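What follows is each chain in one-letter form.
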Amino acid sequence: MAKPKNNLLPRFASDWMAKHWRLFALGALFSAITALAVASYGLMVKTGLDWLSATEHGEGVVNIPFLNIGLPSNTMMWLLPCAVIGFATIRSVSLYIQTILNNSAVQLGLVSIQDALFSRLIEGDYARLTAAASGEFVSQFINDMNLVREAALRVATNLIKGVLTIIACVATMFWYDWALALMVLVVYPIAFAPVVQIGNRLRKVSKAAQQQTGEMTALLNEGFQGGRTSKAFNLEDYQNARAHAGFLERARLYLKVLRSKALVDPLLEIVGGAALAGVFAFTGWRIMNGEATVGDFGGFIAAIGAASPEVRALGTLNSVANEGLAALERIYAVLDAPDKVADKPDAIELSESRGAIAFEGVEFGYGDQGVLNGLTFHAEPGQTIALVGPSGAGKSTVFNLALRLYDVSGGKIILDGHDIRDVQRKSLRSQMSLVAQDAFLFDDTLRANIALGRMDASEAEITAALDAAACDFVYDLPQGLDTQAGEGGRNLSGGQRQRIAIARAILRDAPILLLDEATSALDASSEAKVQAALEQLSKGRTTLIIAHRLSTVRSADKIFVLDKGRVVEEGSHETLMQKNAVYADLVKLQLSE
Ligand SMILES: Nc1ncnc2c1ncn2[C@@H]1O[C@H](COP(=O)(O)OP(=O)(O)OP(=O)(O)O)[C@@H](O)[C@H]1O
């Protein structure tokens, strides 16, 4: 269950930011120094104006605020410019240090969020990964992180500096003229109410915009990956139209966000103008009555001038923070989503499986529609079992369930006498070696892709696996085993990818082999070699084979013919041929092709 939204900020702070409190605290210290340096401008303007008007009236001594000492006019000539330069230098240096400190703290926090989000997705339910378009997760890492970064930075940078600058400026304003300061203090909060409202609205709009960004990323991904099909079928117009609709929607949502955001600055502008007008009128009247000096007026204006950018930054900070909160909501929704497939607290760790697998009355469906409907079959240790049947019968689903990528909705799967739901998933999967239909490779070297089967394999073991899987093509590549596989293995042909995936499975040396159309993309001569290697490999291991080409499963100990998620026939090749029913028909059909 996702936690309530109002928990987000404290959770965000304690989960990710609190551990970097030292950096934030130092950042806050430098923020305070910056704020005081900014507020000092008001005092210097007041002193400067009082000095100028004293000099104009022939007075030789100027009173220095706070210090309450009088300084000769000619000392002020050099002291005031030096003070201005000194405070400006302090302000610049502390601003720089504060920016670096806050950025470092936020960036480190973001690394932890990205680590947590990525491992949550990779280690969590497989169903979650396949349910959403891949672009949506990519977008979370890029766009949502940007929004969180922006919000956290603005809070760290502007909040303390802004609040302290405003407090210091307001304090000096009260010191110059309390009545005037009171007037300004009343106007600003009233003007701030709509700014806060805008921020709240932004949070909702921004959530929709971020959602759409995810869909957009998925659409672009699909567009680029489907380039071959798109060209072959002249689908450029179709692709352009889909992308255009996405871009338009993106622009619409962006403008919706902007319409709210763009209101903030003009609103604050009006407030600033009104405040200035009020100050002119009020101070003019007070100076005329001899209750204030020109220096007070100048200092007041300077204080408003110093506070205004901070007030404005706090106004836009609210919008940015709300956009960040919307992103945070999406991030926590992923982090908090419970896993359907999880290890029980007392789950057993399997050390070395014997390889006795049994599906007993297994029921399963990805959605409402049943895919497996009471599937029952057994594989004894060391046996080779073939699963054949029409497309969509549920054969690959059997592997998904054996690996516990999903849990059965009825019946059970037993491995060595244990219901696999009672076994730790990692230890279950380490008993199995899968060669999948799509033979996925990572964009790393071929050597690394093979070694992923067993991280501690030696070079000699890798070479042996390479030879057993008939990967002789590797030696013809200019960079041999150091060749980069490309995204998903796109630098290799389908058959080459399949052989590398087989080499990886050979190296894994697991007691159970799952071969899903493992040799379907191979040419006849490679297939014969790889087939021989797989037969050698399957000796002493339980092997489940899915194959459409029935010639590859003749030597299986037992063949199960699946249809609509249940076994409709079983036996060896010979018995099934003699039976002359479903399997025999499939074989005859293939022979006649
Ligand atoms: N991730 C998924 N989400 C929803 N439905 C799915 C998913 N994977 C498979 N299916 C559906 O489950 C059914 C069985 O699919 P499965 O891949 O197990 O069949 P198969 O027998 O291996 O087919 P083939 O021989 O074509 O590979 C199909 O109707 C398919 O549409």
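Residues numbered from 1 in each chain as written. Predicted model: local features only at pLDDT ≥ 70, side-chain atom pairs only at ≥ 80, totals over all residues.

(A) Looking closely at the sheet that holds strand β3 (residues 357-364). Read across the open sheet, the four strands follow the order β4-β3-β6-β7; overall the sheet is antiparallel. Of all strands in the sheet, those with a lone pairing partner are β4 (372-379) and β7 (418-419), marking the two edges. As defined by bridge partners, β3 adjoins strand β6 (residues 410-415) across five bridges and the pair is classed as antiparallel. Bridging across to β6, alanine 358 finds its partner in isoleucine 414. Running over the sheet, helix α10 (residues 395-402) touches β3, β4 and β6 and is turned about 110° from β3. (Pairing = 2+ DSSP bridges. Helix = DSSP H or I, 4+ residues; strand = E, 2+ residues; numbered from the N terminus. Contact = placed C-beta atoms within 7 Å. Axes fitted to C-alpha atoms, helices over the stretch in contact; angles between N-to-C directions.)

(B) Just the site of the ligand, in detail. In the vicinity of the ligand, the contacting residues are Thr130, Tyr366, Val371, Ser391, Gly392, Ala393, Gly394, Lys395, Ser396 and Thr397. Ranked by residue count, the leading element in the shell around the ligand is α10, at three residues. When grouped by side-chain class, the residues that make up the shell around the ligand number three nonpolar, six polar and one charged. (Near = placed C-beta within 6 Å. Nonpolar A, V, L, I, M, F, W, Y, C, P; charged D, E, K, R; others polar.)

(C) Helix α8 (residues 236-288), seen in detail. Compared with an ideal rise of 1.5 Å per residue, which puts 53 residues at 78 Å, α8 spans 76 Å between its outermost C-alpha atoms and is within 8% of the ideal. Taken together, the buried positions of α8 are Ser260, Val264, Leu268, Val271, Gly272, Ala275, Val279 and Thr283. The first or second residue beyond α8 is glycine 290, which carries a positive phi of 70°. (Expected span 1.5 Å × (residues − 1). Buried ≥ 20, exposed ≤ 12 C-beta atoms within 10 Å, placed from the backbone.)

(D) The packing of helix α13 (residues 459-468) against helix α15 (residues 494-508), seen in detail. α15 packs onto α13 with a crossing angle of 130° between their chain directions and a minimal axis gap of 8 Å. Taken together, α13 and α15 sit at an angle that is classed as oblique. Crossing of α13 over α15 shows right-handed handedness. Residue-level inspection shows Glu461, Ile462, Ala465, Leu466 and Ala468 of α13 in contact with α15, the latter providing Ala503, Ile506 and Leu507. Residues that form the contact of α13 with α15 fall into these classes: seven nonpolar, no polar and one charged. (Parallel < 35°, antiparallel > 145°, perpendicular 65-115°, else oblique. Left-handed = near helix turned anticlockwise from the far one by under 90°.)

(E) A look at the environment of phenylalanine 137. Note that phenylalanine 137 resides in helix α5 (residues 134-176). C-beta crowding within 10 Å serves as the criterion here: with 20 such atoms nearby, phenylalanine 137 is assigned to the buried category. Remark: the alpha-carbon pair of phenylalanine 137 and glycine 214, spanning 77 residues in sequence, is separated by 7.1 Å. With sequence-adjacent residues up to four places away left out, phenylalanine 137 is seen in contact with Leu121 and Ala132.

(F) Layout of the pairing of β3. Examined bridge by bridge, β3 and β4 share six bridges and lie antiparallel to one another. Bridge pairing in β4 places isoleucine 357 opposite alanine 379.

(G) Highlighting the UniProt feature "transmembrane region" (unreviewed entry) in the chain. Taking the UniProt record as the reference, the feature "transmembrane region" (unreviewed entry) is found at residues 21-43, 76-97, 155-174, 180-198 and 262-285. Span residues 76-97 is 100% helix and 0% strand, its end C-alpha atoms 31 Å apart. As a span, residues 155-174 carries 100% helix and 0% strand, and end to end its C-alpha atoms are 27 Å apart. (UniProt positions renumbered as here; feature names shortened; annotations may be inferred.)

(H) The sheet that holds strand β12 (residues 566-571), seen in detail. Spatially, the six strands line up as an open sheet ordered β8-β9-β10-β5-β11-β12, and their pairing is mixed. Both outer strands of the open sheet, β8 (432-435) and β12, are each paired with one neighbouring strand and no more. Averaged over all pairs of adjacent strands, the angle between strand axes in this sheet comes to 20°, irrespective of strand direction. As paired strands, strand β9 (residues 512-516) and strand β10 (residues 542-546) are joined by five bridges and run parallel to one another. Pairing of leucine 513 across the sheet is with threonine 543, part of β10. Sitting on the sheet, α10 is in contact with β5 (384-388), β8, β9, β10 and β11 (558-563), with an inclination near 150° to β9.

(I) Region of the structure containing the UniProt feature "domain: ABC transporter" (unreviewed entry) in the chain. Residues annotated by UniProt as "domain: ABC transporter" (unreviewed entry) correspond here to residues 357-589. Taken end to end, residues 357-589 comprises 33% helix and 24% strand; its first and last C-alpha atoms sit 31 Å apart.

(J) Structural view of the domain arrangement of the chain. Domain annotation for the chain reports domain 1 (5-336) and domain 2 (357-591). The gap between the C-alpha centroids of domain 1 and domain 2 is 56 Å. (Domains from an automatic or database assignment.)

(K) View of the environment of serine 40. Along the chain, the position of serine 40 falls in helix α2 (residues 21-56). For serine 40, a count of 21 C-beta atoms within 10 Å corresponds to the buried category. Residues serine 40 and glycine 299, 259 residues apart in the sequence, show an inter-C-alpha distance of 9.6 Å.

(L) Structural view of the nonpolar core. Formed by 71 residues in total, the largest nonpolar core has its most connected members in Ala469 and Ala503. At seven residues, the largest contribution of residues to this core is made by α15. Other than its neighbours up to four places away in sequence, alanine 469 contacts Arg499, Ile502, Ala503, Ile506, Val530 and Ala533. Within the second largest apolar cluster, 63 residues are counted, among which are Phe24, Ala156, Cys169 and Val311. (Core = buried A, V, L, I, M, F, W, Y, C linked by C-beta atoms within 7 Å.)

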